[in-house]
Amino acid sequence: MDKQTNCIKAIPYHEILAMQEINERLDSWQKMLEILEIFFSEENPPVNKKKIIRDYHACGRLFKAFQKDYSVLLQNDKDLIKSMVAGKKNNH
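These numbers were taken from a predicted model, which means no experiment stands behind them.

A. Structural context of the packing of aromatic side chains. All chains considered together, the criterion is met by four aromatic pairs. Relative to Phe66, the ring of Trp29 lies with its centre 5.3 Å away and its plane at 75°, an arrangement referred to as edge-to-face. Taken together, the residues Trp29 in the loop between helix H2 (13–27) and helix H3 (30–41) and Phe66 in helix H4 (residues 49–91) connect sequence positions 37 residues apart. Accessibility classification places Trp29 together with Phe66 in one group, the buried group. Among the aromatic residues, those joined into a cluster by ring pairs are Trp29, Phe66 and Tyr70.

As structure tokens, then:
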């Protein structure tokens, strides 16, 4: 248990906050992804072609926004983890 306590203390607080921010931003996408899941899993889509096109276009834009944000967050997370690992190596 003592080793775990030491490892946690070795991570700077601002890096913990940065990871928390990344997790919160990823979590904020949950509702939108549920909407996309409903749209694409609909077994009996409406017959109205205009509605299908409008909904498909909206869902496509939503997915593009998610994909862009997700890529940025993933890269930020990777950079943060590299920084924490490098900091740990420098401390020992």
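B. Quick look at the pattern of salt bridges. For the structure on display, the rule yields two salt bridges. Among the salt bridges present, the one from Asp69 reaches Arg25, with a minimum N-O distance of 2.4 Å. Residue Asp69 is found in helix H4, and its partner Arg25 is found in helix H2; the two are separated by 44 residues along the sequence. With a closest N to O distance of 2.7 Å, Lys51 and Asp55 form a salt bridge. Remark: Asp55 and Lys51 occur in helix H4; sequence separation between them is four residues, near one turn of the helix.

Reading guide: rules and limits
- Residues numbered from 1 in each chain as written.
- Predicted model: local features only at pLDDT ≥ 70, side-chain atom pairs only at ≥ 80, totals over all residues.
- Heavy atoms only, no water.
- Phe/Tyr/Trp six-rings, centres within 6.5 Å; stacked < 30°, edge-to-face > 60°.
- Helix = DSSP H or I, 4+ residues; strand = E, 2+ residues; numbered from the N terminus.
- Buried < 20%, exposed > 50% of the residue type's maximum accessible area, 1.4 Å probe, protein only.
- Salt bridge = Lys/Arg side-chain N within 4 Å of Asp/Glu carboxyl O.

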